[in-house]
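As a plain string of letters, each chain reads:
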Amino acid sequence: MARLTFLDWPVLRQLRGADPTGRGSAVTSATTRETVPRTVTADGVVDSICPYCAVGCGQRVFHKDGRVVQIEGNPDSPVSRGRLCPKGAASQQLANSYLRQTTVRYRPPYATRWEDLELDVAMDMIADRFIEARRAHWQDEDEQGRPLQRTMGIASLGGATIDNEENYLIKKFFTAAGAIQIENQARI
Amino acid sequence: MQDFANADLIVIEGSNMAEAHPVAFQWVIEAKKRGARVIHVDPRFTRTSANADRHIPIRAGTDIVLLGGVIRHVLDNELFFKEYVQAYTNASTIISEQYADAEDLDGLFSGYDQETSTYDNSRWAYAGDPDDIARGLPERDETLQHPRSVFQILKRHYARYTPQMVQDTCGISPEDFAYLATAIAENSGRERTTSFAYALGWTQHQGGAQMIRTAGVLQLLMGNMGRPGGGVMALRGHATIQGSTDIPTLYHILPGYLPMPKVGQDDFAEFTRAIGKKEQKGFWANADIYAINLLKAWWGENATAENDWGYHHLPKLTGAHGTYQTTMRMLEGGVDGYFLFGQNPAVGSANGRLQRLAMSKLKWMVVRDFYMIESATWWRDGPEIESGELTSEEIATEMFYLPAANHTEKAGSFTQTQRMVQWRDQAVEPPGDARSDLEFMYELGRRIREKLQDSTDPRDRPILDLTWDYPLGEHGEPEAEAVLAEINGRHLSGERAGQPLSSFGEMRADGSTDGGCWIYAGVFADGVNQARRRTPGQEQDETAADWGWAWPANRRILYNRASADPQGRPWSERKKLVWWDEEAGSWTGHDVPDFPLTKRPDDPGDPSQGGAAALAGTDAFTMQSDGRGWLFTPTGLVDGPLPTHYESPESNIPNPLYSQQSNPTRVTFRDENNLSSPGASGRGGEVYPYIFTTYRITEHHTAGGMSRFLPYLSELQPEMYCEVSPELAEEVGLEPYGWATIISARSAIEAKVLVTERMKPLQVGERTVHQIGLPFHWGRGTEAIVQGDGANDLIGMNLDANTQIQNSKNNSCTLIPGRRPRGPERNELVEAYRRRAGLIDAEHPAVDGAAGAPGAGPADSETPHHVRGPEEASAAPTGEASMKEMRNR
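Each value, and the rule that gives it
- One numbering rule holds for all chains: residues counted from 1, following each sequence as written.
- Following the order in which they are written, the chains are lettered starting with A and the ligands numbered starting with 1.
- Where local features are concerned, this predicted model is filtered to residues with pLDDT of at least 70; where side-chain atom pairs are given and counted, the filter is 80 or more; whole-chain, interface and lining totals use all residues.
- Heavy atoms throughout the structure, all of them, feed into the side-chain values; hydrogens and water do not.
- Secondary structure elements are taken from DSSP: a helix is a run of H or I of four residues or more, a strand is a run of E of two residues or more, and numbering for both begins at the N terminus.
- We compute the radius of gyration over the C-alpha atoms and compare it with the globule rule, which gives 2.2 Å times the number of residues raised to the power 0.38.
- Buried residues are those whose accessible area, probed at 1.4 Å on protein chains only, stays under 20% of the maximum for their type, while exposed residues exceed 50% and partly exposed ones sit between those limits.
- Any two residues whose heavy atoms approach within 4.5 Å at even a single point are treated as in contact.
- Here the Shrake-Rupley method, with its probe set to 1.4 Å, supplies the accessible areas, and only the displayed protein chains count as covering residues.
- Each pair of strands is called paired provided DSSP finds at least two bridges between the two strands.
- Fitted lines through C-alpha atoms give the axes, limited to the stretch in contact for helices. The angle between two N-to-C directions lies from 0 to 180 degrees.
- What makes a nonpolar core is a set of buried Ala, Val, Leu, Ile, Met, Phe, Trp, Tyr and Cys residues whose side-chain atoms join them at distances within 4.5 Å.
- Note that the domain bounds were set by an automatic or database domain assignment.
- Joining two parts hides part of their accessible area as seen by a 1.4 Å probe, and the buried area is that hidden amount summed over both.
- By definition here, a salt bridge exists when the distance from a side-chain nitrogen of Lys or Arg to a carboxyl oxygen of Asp or Glu is within 4 Å.
- Whenever a nitrogen or oxygen atom comes within 3.5 Å of another N or O atom, the pair is scored as a polar contact, on the condition that within protein one atom can donate a hydrogen and the other can accept it, and that pairs from neighbouring residues in sequence are kept only if both atoms are in side chains.
- In this classification, the charged set is Asp, Glu, Lys and Arg, the nonpolar set is Ala, Val, Leu, Ile, Met, Phe, Trp, Tyr, Cys and Pro, and all remaining amino acids, among them Gly, are polar.
- Only centres within 6.5 Å qualify two rings of Phe, Tyr or Trp (six-membered ring in Trp) as a pair; their planes then separate them into stacked at under 30 degrees, edge-to-face at over 60, and tilted for everything else.
- Here, a charge over a ring means that NZ of Lys or CZ of Arg falls within 6 Å of the ring centre while also lying within 35 degrees of the ring normal.
- Working definition: roughly parallel below 35 degrees, roughly antiparallel above 145 degrees, roughly perpendicular at 65 to 115 degrees, and oblique for all remaining angles.
- Crossing handedness: left-handed means the near helix sits turned counterclockwise from the far one by under a right angle, and right-handed means the same turn made clockwise.

Some details on the overall build of chain B
Here is step 1: On a plain count of helices and strands, chain B comes out with 25 helices and 29 strands.
Here is step 2: Taken over the C-alpha trace, chain B has a radius of gyration of 27 Å; the compact-globule value for 889 residues is 29 Å, and the two agree within 12%.
Here is step 3: Put simply, chain B has 889 residues, and 69% of those count as buried.
Here is step 4: Long-range pairs, those at least 24 residues apart, make up 71% of the contacts in chain B between residues at least 6 apart in sequence.
Here is step 5: For chain B, the exposed surface amounts to about 27,400 Å²; the carbon and sulfur share of it is 48%.

Focus: the sheet that holds strand E13 (residues 412-415) of chain B
Residue and element names in this part refer to chain B.
Here is step 1: Reading across from one edge, E13-E14-E17 is the order of the three strands in this open sheet, with antiparallel pairing throughout. The outermost strands of the open sheet, each flanked by one partner alone, are E13 and strand E17 (549-550).
Here is step 2: Taken together, the four bridges between E13 and strand E14 (residues 420-424) define a ladder with antiparallel strand orientation. From the neighbouring strand, Gly-412 faces E14, where its bridge partner is Arg-424.

Considering the sheet that holds strand E1 (residues 9-13) of chain B
All names here are of chain B.
Here is step 1: Pairing is parallel in the open sheet, where five strands are placed in the order E3-E2-E1-E6-E7. Strands at the two margins of the open sheet, each flanked by one partner only, are strand E3 (54-56) and strand E7 (232-234). Strand-to-strand, the axes of this sheet are offset by a mean angle of 20 degrees, without reference to chain direction.
Here is step 2: Pairing between strand E6 (residues 194-198) and E7: three bridges, direction parallel. Note that in E7 the partner of Tyr-198 across the bridge is Ala-234.
Here is step 3: On top of the sheet, helix H9 (residues 174-186) reaches E1, strand E2 (37-41), E3 and E6; it is set at about 135 degrees to E2, its chief contact.

What to know about the nonpolar core
Here is step 1: Within the largest apolar cluster, 161 residues are counted, with the highest numbers of intra-cluster contacts made by Leu221(B), Phe339(B), Phe400(B) and Leu444(B).
Here is step 2: Among the elements that line this core, the one with the most residues is helix H14 (residues 287-299) of chain B, at ten residues.
Here is step 3: In contact with Phe339(B), not counting residues within four places along its chain, are Ile126(A), Phe130(A), Ile154(A), Ala155(A), Ser156(A), Leu157(A), Phe174(A), Trp364(B), Val366(B), Phe440(B) and Leu444(B).

Describing the domain arrangement of chain B
All names here are of chain B.
Here is step 1: We note that the domain assignment places domain 1 (2-108 + 122-234) and domain 2 (679-836) within chain B.
Here is step 2: Each of domain 1 and domain 2 has a C-alpha centre, and these two points are 30 Å apart.
Here is step 3: The interface of domain 1 with domain 2 comprises 25 residues on the first partner and 27 residues on the second.
Here is step 4: When the area that domain 1 buries against domain 2 is broken down by residue, the three leading residues are Arg-44, Gln-204 and Gln-206, summing to 30%.
Here is step 5: Between the two partners, domain 1 and domain 2, sit two salt bridges.
Here is step 6: With a closest N to O distance of 3.9 Å, Glu-699 and Arg-47 form a salt bridge.
Here is step 7: On inspection of domain 1 and its partner domain 2, the count reaches 13 residue pairs in polar contact (both at pLDDT 80 or more).
Here is step 8: Elements represented by at least two residues in the side of domain 1 that touches domain 2 include exactly helix H8 (163-170), helix H10 (200-203) and helix H11 (208-221).
Here is step 9: With four residues, H8 is the largest single contributor of residues to the side of domain 1 that touches domain 2.
Here is step 10: For the side of domain 1 that touches domain 2, the per-class residue count stands at nine nonpolar, eleven polar and five charged.

Observations concerning the interface of chain B and chain A
Here is step 1: With 172 residues of chain B at the contact, the number on the chain A side is 119 residues.
Here is step 2: Carbon and sulfur atoms make up 61% of the area that chain B and chain A hide from each other, which totals about 12,800 Å².
Here is step 3: Ranking the residues of chain B by area buried against chain A places Thr249(B), Arg447(B) and Arg459(B) at the top, with a combined share of 6%.
Here is step 4: Between chain B and chain A we count 14 salt bridges in total.
Here is step 5: With a shortest N-O distance of 2.6 Å, Arg129(A) and Glu398(B) are connected by a salt bridge.
Here is step 6: At the junction of chain B and chain A, the tally comes to 83 residue pairs in polar contact (both at pLDDT 80 or more).
Here is step 7: A per-element tally of the side of chain B that touches chain A places helix H20 (residues 437-451) of chain B first, with twelve residues.
Here is step 8: For the side of chain B that touches chain A, the residue count by class is 87 nonpolar, 54 polar and 31 charged.

Structural notes on the domain arrangement of chain A
Here is step 1: Domain parsing of chain A yields domain 1 (1-35), domain 2 (38-96) and domain 3 (137-187).
Here is step 2: Taking only C-alpha atoms into account, the centre of domain 1 of chain A sits 35 Å from that of domain 2 of chain A.

Quick word on the packing of aromatic side chains
Here is step 1: Per the counting criterion, the structure on display carries 49 aromatic pairs over all chains.
Here is step 2: Seen in terms of ring centroids, Tyr126(B) and Trp630(B) are 6.3 Å apart; in terms of plane orientation they differ by 70 degrees. Their pairing is edge-to-face. Placement of Tyr126(B) in the loop between strand E5 (118-119) and helix H6 (130-134) and of Trp630(B) in the loop between strand E19 (586-589) and strand E20 (690-695) is noted, with a sequence separation of 504 residues between them.
Here is step 3: Exposure remark for Tyr126(B): the relative accessible area of 4% places this residue in the buried category.
Here is step 4: Three or more aromatic residues joined by ring pairs form one cluster here, namely Phe130(A), Phe173(A), Phe174(A), Phe339(B), Phe341(B), Trp364(B), Phe440(B), Tyr442(B), Trp468(B) and Tyr470(B).
Here is step 5: A cation over an aromatic ring shows up here: Lys576(B) above the ring of Trp579(B), its NZ or CZ 4.6 Å from the ring centre.
Here is step 6: Directly above the ring of Tyr833(B) sits Arg836(B), whose terminal nitrogen or CZ lies 4.3 Å from the centroid.

A short note on the pattern of salt bridges
Residue and element names in this part refer to chain B.
Here is step 1: Evaluation of the coordinates by the stated rule reveals 75 salt bridges over all chains.
Here is step 2: For Glu-542, the salt bridge goes to Arg-34, with nearest N and O atoms at 3.2 Å. Taken together, the residues Glu-542 in the loop between strand E16 (513-514) and E17 and Arg-34 in the loop between helix H2 (26-33) and E2 connect sequence positions 508 residues apart.
Here is step 3: On the basis of relative accessibility, which here comes to 41%, the residue Glu-542 falls in the partly exposed class.
Here is step 4: The partly exposed category is assigned to Arg-34, whose relative accessible area is 44%.
Here is step 5: Among the salt bridges present, the one from Arg-533 reaches Asp-546, with a minimum N-O distance of 3.4 Å. Of this pair, Arg-533 sits in the loop between E16 and E17 while Asp-546 sits in the loop between E16 and E17, and the two are 13 residues apart along the sequence.
Here is step 6: For Asp-546, a relative accessible area of 36% gives the class partly exposed.

Let's talk about the pairing of E2(B)
Residues and elements named next belong to chain B.
Here is step 1: With four of five residues buried, E2 is to be regarded as a mostly interior element.
Here is step 2: In the sheet, E1 pairs with E2 via five bridges, with the strands oriented parallel. Bridging from a neighbouring strand, Ile-10 pairs with Val-38 of E2.
Here is step 3: Bridge count between E2 and E3: three bridges; the pairing is parallel. Within E3, the position partnered with Val-41 by the bridge is Ile-56.

Notes on the pairing of strand E6 (residues 138-141) of chain A
All names here are of chain A.
Here is step 1: Inspection of the sheet shows E6 paired to strand E7 (residues 147-158) by three bridges, in the antiparallel sense. Bridging from a neighbouring strand, Trp-138 pairs with Thr-151 of E7.
Here is step 2: Counted along the chain from E6 to the antiparallel partner E7, the turn is five residues long, and its residue Gly-145 has a positive phi close to 80 degrees.

Some thoughts on the packing of helix H15 (residues 323-331) of chain B against helix H17 (residues 352-359) of chain B
All names here are of chain B.
Here is step 1: Across the interface, H15 lies against H17 with an axial gap of 8 Å and an inter-helix angle of 50 degrees. Comparing their axes, H17 and H15 come out oblique. Seen from above, H15 lies across H17 with left-handed handedness. When H15 is examined against H17, the residues Tyr-324, Thr-327, Met-330 and Leu-331 are found in contact with a partner set consisting of Leu-354, Gln-355, Leu-357 and Ala-358.
Here is step 2: Residues of the contact of H15 with H17, tallied by class, amount to six nonpolar, two polar and no charged.

This is the structure we're talking about:
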């Protein structure tokens, strides 16, 4: 480290430098000077759309080491012109909140707590229950003998914050299975 | 969105756009910068009001009177856009002699059946030869003078909607009314346009569909449809709530707004004719083609002409099977399994208590979410556990919680509120067990098909015959683009076999094409994912046609033929959008023209052909069976062909127009936990003297599943609160920042008190009306960062008959200082007020939710309840009764 002279006194340094009011470079530490935005150190960025309301603001999702590190407004979007509201601006936390669930949880009937369950096992149990409920509440026809070809044993709700392609598969499969109680936030 | 900037006047009503859609609101501000005026009509003064030229406070639920008053004003003073109205609307159409108006029958239209609380809408039909009507050529009187013309009916219908009536009903001064009416009149016509924006402040009413219709009628009269800076903009609240209506997870429709078949519709040809007849005008004449292409996409080679393309694989409806009907069925033990895809009904649906009790009757439940939402944990920490009504050890419901991938962890498309489909690229892999709903659904289907593969049961045929083979990515997830390509459709045979369709016009009825959602045909044109186009806005004109893709046909403004005059010239240079180019012999302009491209403005149309060919050169409303914008709706709505005012069932104010107090078709459910205040229609209404209305705030999202688990957003808005006026605070004895308990006929919740002059008591006749604002984002559990009582617990499952959507925006309550009691005492408090109001089944059978209530459905639930489905909005009106067998439950 070079020897300090009286010229390195902070107030003199400030007055001599390009920042005499002391609100910029004169008051930065080495750490601050070396800090770079996460958007610069990211491995990559992809174009996305905000998952909250239906305005459809453009987002740019920056990621590093397989994790989302920052989400910013996309200035190219003719709808949002780079802006995001507090929710859109907080959506990096949507991915990374400490409360994010990443494992399957299972609660048997009458239990008082969650248990762990393998995803594969859970999927198989759900498939079995789907088939059983479908049959248990199957209706071939109404009281006048007219075809119904449906089940009342299965219901579903949701889909306004998921994707078009996902809704399409939900509607396609559930309808083919005869489940009609397929509903969405759009009804609410 | 950007088109707001082209408006000269923006009326925001039933929406707090600045708060709920802040980024879209920049276009309102842009319009202001260009000289536009902004008027905000809302019970509360909000951030939107603060940015408006004027805020007009209104009593919740009276919008039809206000806008009906404006309709009267423009009709009486001849301020409507006459040339537009004559050419493009059904104003000149003559209505059947069987029609009687609500003004003639004291609040009922002709065709009402007291027994079932429903209408026979054949009494609202067009007059004329049935064959001509089917071809979209009903009797007309171009002078608009015929007493049974729509125009004259409209005039009579709104004759009593005077400024005085507006004041006595809405609590709006004649001066405020004149300001609004004059502004709309001055900012409409050839040179200027007015735009309306609304949100759930209109939708969530019994009668909400008719509120929106009133704006539609007014905008048609003023010539503001299909033009730049015009229209009625629905500001929707979820990333793909538009997409999930287009490609629906809704009980009553199939993709592309094709209705689900109903019991008795066993003939495929009759099914498609009920949607659109071959001889009618416009694009619904091809309903059969759209249906065949959907069935072909679903059942592939197994869909043939011989088996009606697999039509008989589709289940049949017997009534409304909406989410609230399903709640009731769950309570009765009639549903075993329930899937939630990013949805939190324990907090977000009306009557949260009934929602949670219903879930406790299920055998199993699958919750797919990012966080441990209240709908996943009600069995251990819900309000009913606290009150002791439920105990975990006695709840049989088996719970599966499956973590979901978020929007950065999967590729796919959202359709935003203006029908624009936008693709998202995948940034990262989902963590741990988290999977996309696409993969979950594909995998569940794959396993079920595998388990059933040897089945000989004919009931399993529809599952086994389904096309369910999608290319998989490296982690085994189906490729979302392949699903989008199926939605788009493709040529199956001929030279172009395997190629994607470029428009729905390429769809064929012979099985040589398929397509999962006809209105999305073109989103994958040329094999390119058009939704992924991202030419920067700054490199494009205002329409920005090269960003994303809007259905249909990448068109940004629907019915834009109406932006030109009948001769095909722009109404004015200032409002130029689409016009007829005589030299080129085609329509052209700044948007994709919403009209057959080479059809001349003076083309008379060919009625012998039907469909697009039958459209005359001035039939701008290309989806309607007569090519006209409908001021009067002979079909499509179950509660009347014209919007008319009713009070909400809990309103303490007698309907100033009719002795018919509330909407006669309203839907409710019989349950002791779903009772309503009798309001003005019986003693006891005064026990619940105040109106409460629910709303959103910027920092939270719906039921909080995507916001109350995020530290930033939770810190910004940590607590449930209620907004009350200083006058009401004084009347009740509330302290600012203290607690209040809000009690409705359903529940009691507590909230922090925000005393603010933004809430203004209104003078309505002799009465002072107090309104309370309640944000609805909080719920009770232990997992979220912030929690609070849920406003939706206060709301009854009382539905609009057209939409089956609950009435959230206009309910009655009382208010006491302090926190609510804990444990079982909470229900005792609710019960005490019910008793005071006489809300006991035996004493008050006519109260909504009690046994004798209108709309509760017939006593025998197996008796069909006749309701005409709203999905046939464009069906050709005929003299035949067009009833479908429906029932509320």
